[in-house]
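Coordinate analysis (summary)
Listed below, chain by chain, are the residues.
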There are 2 protein chains.
Amino acid sequence: MYTGPLRALIDELGRLPGIGPKSAQRIAFHVLKIPGEDAGRLAAAILAVKERTTLCSRCFNVAEAGELCDVCSDERRDPTVLCVVEDPRDIVAVERTQQFRGRYHVLQGALNPLEGVGPDQLRVRELLERVGAEGAKEVILCTNPNLEGEATAMYLARMLGPLEVTVTRIASGLPVGGDLEYADELTLGRALEGRRQVTA
Amino acid sequence: MYTGPLRALIDELGRLPGIGPKSAQRIAFHVLKIPGEDAGRLAAAILAVKERTTLCSRCFNVAEAGELCDVCSDERRDPTVLCVVEDPRDIVAVERTQQFRGRYHVLQGALNPLEGVGPDQLRVRELLERVGAEGAKEVILCTNPNLEGEATAMYLARMLGPLEVTVTRIASGLPVGGDLEYADELTLGRALEGRRQVTA
């Protein structure tokens, strides 16, 4: 129905996650209405995030290009406790509990054989190297409490077993089948408190 | 929690209509993941829609810069029937019914004294001029069937009264208090069919 630049923008917006045709249309018309500088700032922010954001070379959290992430560059963080998460967004969820003062390791996903995600697609090798190199005493497996997350935790527990490190898993205070990102602080905090050692 | 370019993008996205903090975060991470050229295309589409889209100089529908809109530049459309809508998106809704072959006039809003929208903020003067200049025989008042839309229709009916033109209002087959944009084709089509003359 729409043509030209408006159609193009609606199409591009419709490719974003959680944006249906109606939302794309509404946002496109919103962009039409707002001042040019606001639209310019949005476009610039999209380009900047691609140009200036990379993964932390240590833990694979998001970081500004050429630097360690905020957590890794904070010297007050305890290097002997590593919290392993699937996704950088999960770090935000854990940080909100204010119960964790160690460092993170972001796997960049979870094991999912059906979608072709095996250990080589995740940052597993780097995790094993870090545990040796950084003198970690505890690794908290903080993957999602769903099928893929549990399988990933079990796999990591097996891989970490031979190393001299305590491996723990967050307590399943979280609703099973849920998504860590949407947990409230209290529930996730309790899950962190109740973590138990894993024996593979 | 996030810093730098990622924070900036989440903030910008959060300003868009219907995008809450969680959605903004999800979309920002999506943008991080997609290829640079896809992000570039999105940013370019935002800029292009601002640069290359204007309002049609005749009916105030959206149009590519320097041109009449698709409807006005289509010579097969009947110039003697004018459908008055609040918003360009309403044109899409009416077009979907495939029951209207005339032209449009977009008011760019509805009367809303509380928000300071009076006749001077809408394209009312231009509508009255068009009715004389283009030899319109019928004006269909197709504003939303809610408070502001009804008030706008009544006001326009009064203004158009002295002119030699039939003024009609779409039938209230649409749920009252609703929004024209979300009507399904059948309901809106029936409302168009059942339009009745307005006597101010």
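Attention in this report is confined to the structure presented alongside it. Every chain is numbered independently, its residues counted from 1 as its sequence is written. Numbering of ligands from 1 and lettering of chains from A proceed in the order in which they are written. The predicted nature of this model means local features are confined to residues of pLDDT at least 70 and side-chain atom pairs, given and counted, to a pLDDT of 80 or more, with totals for whole chains, interfaces and linings taken over all residues. Hydrogens and waters are ignored; side-chain quantities use all the structure's heavy atoms.

To superpose the copies, least squares is applied to the C-alpha atoms of every residue with a pLDDT of at least 70 in both. When chain B is fitted onto chain A, the two copies agree to an RMSD of 0.0 Å after a turn of 180° and an axial shift of 0.0 Å. Such a combination of turn and shift is consistent with a two-fold rotation axis. Across chain B, the smallest distance between a C-alpha and the rotation axis is recorded for Ala 43 of chain B, namely 2.2 Å. The criterion used for residue contact is that any of the two residues' heavy atoms lie within 4.5 Å. Take the interface residues of chain B: 100% of them recur as interface residues in chain A, which is what a same-surface contact looks like.

This part is about the packing of helix α5 (residues 124-133) of chain B against helix α6 (residues 147-160) of chain B. All names here are of chain B. Two elements in contact, α5 and α6, have axes separated by 11 Å at closest approach and are oriented at 40°. The pairing of α5 with α6 is recorded here as oblique in orientation. Read as a crossing pair, α5 and α6 show a hand that is right-handed. Facing α5, whose interface residues are Val 124, Leu 127, Leu 128 and Val 131, α6 presents Tyr 155, Leu 156, Met 159 and Leu 160. Fitting a line to C-alpha atoms yields each axis, with helices limited to the stretch in contact; the angle taken between N-to-C directions then spans 0 to 180 degrees. Only DSSP runs of H or I with at least four residues qualify as helices, and only runs of E with at least two residues qualify as strands; both kinds are numbered from the N terminus onward. Our angle categories are set so that under 35 degrees counts as roughly parallel, over 145 as roughly antiparallel, 65 to 115 as roughly perpendicular, and the remainder as oblique. Two helices that cross are described as forming a left-handed crossing if the nearer one is turned anticlockwise from the farther one by less than a right angle, and a right-handed crossing if clockwise.

A word on the interface of chain B and chain A. Between chain B and chain A, the residue contacts involve 52 residues of the former and 52 residues of the latter. Here the buried area means the combined drop in accessible surface, using a 1.4 Å probe, for two parts upon being joined, counting both sides. Carbon and sulfur atoms supply 70% of the area that chain B and chain A bury against each other, a total of about 4800 Å² over both sides. Of all residues in chain B, the largest losses of buried area upon contact with chain A belong to Pro 5, Lys 50 and Arg 89 of chain B, amounting jointly to 13% of the total for that side. By definition here, a salt bridge exists when the distance from a side-chain nitrogen of Lys or Arg to a carboxyl oxygen of Asp or Glu is within 4 Å. Summed over the shared surface of chain B and chain A, the number is two salt bridges. One salt bridge in this structure joins Arg 41 of chain B and Glu 12 of chain A, with 2.8 Å as the shortest N-O distance. Two N or O atoms count as a polar contact when they lie within 3.5 Å, although within protein this holds only if one can serve as hydrogen donor and the other as acceptor, and sequence-adjacent residues are included solely when both atoms are side-chain atoms. The tally of links from chain B across to chain A stands at eight residue pairs in polar contact (both at pLDDT 80 or more). Those elements giving two or more residues to the side of chain B that touches chain A turn out to be α1 (4-14), α2 (21-33), α3 (36-52), β2 (62-64) and α4 (88-97) of chain B. In the scheme used here, Gly and all other residues not listed as nonpolar or charged are polar, with Ala, Val, Leu, Ile, Met, Phe, Trp, Tyr, Cys and Pro taken as nonpolar and Asp, Glu, Lys and Arg as charged. Among the residues forming the side of chain B that touches chain A, the class breakdown is 28 nonpolar, eight polar and 16 charged.

Let's shift gears to α3 of chain B. Residue pairs spaced three or four apart in an α-helix point in one direction, given the helix's 3.6 residues per turn. A helix is expected to span 1.5 Å multiplied by its residue count minus one. Its 17 residues give α3 of chain B an end-to-end C-alpha distance of 23 Å, which sits within 8% of 24 Å, the value for a rise of 1.5 Å per residue. When we look at burial in α3 of chain B, the residues that qualify are Ala 39, Leu 42, Ala 43, Ala 45, Ile 46, Ala 48 and Val 49 of chain B. Looking at the buried residues of α3 of chain B, the elements they touch are α1 (4-14), α2 (21-33) and α3 (36-52) of chain A together with α2 and β1 (53-55) of chain B. Only protein chains enter the accessibility calculation, which uses a 1.4 Å probe; a residue is then buried when its area is under 20% of its type maximum, exposed when over 50%, and partly exposed in between.

Ranked by internal contacts, the top residues of the largest apolar core, which has 43 residues, are Ile 46 of chain A together with Leu 6, Leu 9 and Ile 46 of chain B. Contact partners of Ile 46 of chain B, with chain neighbours within four places excluded, come to Leu 9, Val 31, Ala 39, Leu 42, Ala 43 and Ile 46 of chain A. By nonpolar core we mean a set of buried residues, namely Ala, Val, Leu, Ile, Met, Phe, Trp, Tyr and Cys, connected to one another through side-chain atoms within 4.5 Å.

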